[in-house]
Amino acid sequence: SSGINAEYGQHYFKRINLRMYSCSVAIPFPSERHATIAMRSVGADKEPRKSGVTRDMVVCGDTLLVSVSADELRMLRVSIGSVLDLIRLSVDTMELFDCKPPS
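Student: Would you take a moment to explain the packing of helix α1 (residues 32–43) against helix α2 (residues 73–97) for this structure?
Tutor: The relative placement of two packed helices comes down to the angle between their axes together with the axis-to-axis distance. The interhelical angle for the contact between α1 and α2, taken along N-to-C directions, is 130°, at an axis separation of 9 Å. In terms of axis orientation, α1 runs oblique to α2. The two elements α1 and α2 meet at a crossing, and its hand is right-handed. Within the contact between the two elements, α1 uses H34, I37, A38, S41 and V42 and α2 uses V83, L86, I87, S90 and M94. Residues that form the contact of α1 with α2 fall into these classes: seven nonpolar, three polar and no charged.

And the structure:
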C-alpha cells in the first residue's frame, strides 16, 4: 500500500433554509495531486438534473472539500454516500497503481 489514507475528516450537516439541506466534508490526502485526482474522478459523475441535488468540490492544498445540497434529506444522504463511495474507489485505485508522478 502506498499509504494513501483519505479519512473522512471534518464534516457537518446543516439546514440552509426551510427547503434545503447541506453537508460539507473536508477529506485530507497525502498531497494536492492526490486530492485533485480524487476530485476529477468524482466530478466525472454528475448529479441528475431533476434530483434537487447540487454538488461542489474544490481542492485546498492537500484537502478535498466537498459540499452537497439537496431539497430532501433522503436525497442528501444518498448523494453524500455516493460521493464518499466514489472517493473511496479513487483512493483504492491510486493505492493499486501507486499514483506517483513520472520521473
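Additional details are given in the paragraphs that follow.
Student: Explanation requested: the pairing of strand β4 (residues 63–70) in the structure shown.
Tutor: Consecutive side chains of a regular strand alternate in pointing toward one face of the sheet and then the other. For β4, a buried count of six out of eight residues is recorded, marking the element as mostly surrounded by other parts of the structure. For strand β3 (residues 53–60) and β4, the ladder comprises eight bridges, and the chain directions are antiparallel. Within β4, the residue paired with C60 across the bridge is T63. Where β3 hands over to β4, the hairpin turn is made up of two residues, of which G61 adopts a positive phi near 65°.

Student: Looking at this model, I keep getting lost on the nonpolar core. Mind explaining?
Tutor: Among soluble globular proteins, nonpolar side chains are generally buried collectively. Membership of the largest hydrophobic core comes to 20 residues, with the highest contact counts inside it found for F29, L64, V66, V68, L76, V83 and I87. Put simply, the parts of the chain that give this core at least two residues each are β2 (20–28), α1, β4 and α2. No other element matches the seven residues that α2 contributes to this core. Non-local contacts of V68, meaning those with residues more than four positions away in its chain, are made with Y21, S22, C23, V53, T54, R55, L76, S79, I80 and V83.

Student: What's the story with the environment of E72 in this structure? I'm lost.
Tutor: Within the element layout of this structure, E72 appears in the loop between β4 and α2. E72 gets classed as partly exposed once you look at its relative accessible area, which sits at 39%. The spatial distance from the C-alpha of E72 to the C-alpha of Y21 is 6.9 Å, given a sequence separation of 51 residues.

Student: Whenever I open this one, the pattern of salt bridges confuses me. Can you help?
Tutor: Note that side chains of opposite charge can pair when their charged atoms are close. Summed over all chains, the structure comprises two salt bridges. R74 serves as the salt-bridge partner of E72, at 3.5 Å between the closest nitrogen and oxygen. By relative accessible area, which is 47% here, R74 ends up partly exposed.

Student: Please clarify how α2 should be interpreted in this entry.
Tutor: In an α-helix, one turn spans 3.6 residues; hence positions three or four apart end up facing the same way. The first and last C-alpha atoms of α2 sit 36 Å apart over 25 residues, in line with the 36 Å expected at 1.5 Å per residue. Within α2, the full set of buried residues consists of M75, L76, S79, I80, V83, I87, S90, V91 and M94.

Student: What am I meant to see in α1 here?
Tutor: Across its 12 residues, α1 extends 16 Å between first and last C-alpha, which sits within 8% of the 16 Å expected from 1.5 Å per residue. Listed as buried for α1 are H34, A35, T36, A38, V42 and G43. For α1, the secondary structure elements touched by its buried residues are β3, β4 and α2.

Here is what the cut-offs are and how they apply
Residues numbered from 1 in each chain as written. Predicted model: local features only at pLDDT ≥ 70, side-chain atom pairs only at ≥ 80, totals over all residues. Heavy atoms only, no water. Axes fitted to C-alpha atoms, helices over the stretch in contact; angles between N-to-C directions. Helix = DSSP H or I, 4+ residues; strand = E, 2+ residues; numbered from the N terminus. Parallel < 35°, antiparallel > 145°, perpendicular 65-115°, else oblique. Left-handed = near helix turned anticlockwise from the far one by under 90°. Contact = heavy atoms within 4.5 Å. Nonpolar A, V, L, I, M, F, W, Y, C, P; charged D, E, K, R; others polar. Buried < 20%, exposed > 50% of the residue type's maximum accessible area, 1.4 Å probe, protein only. Pairing = 2+ DSSP bridges. Core = buried A, V, L, I, M, F, W, Y, C linked by side-chain atoms within 4.5 Å. Salt bridge = Lys/Arg side-chain N within 4 Å of Asp/Glu carboxyl O. Expected span 1.5 Å × (residues − 1).

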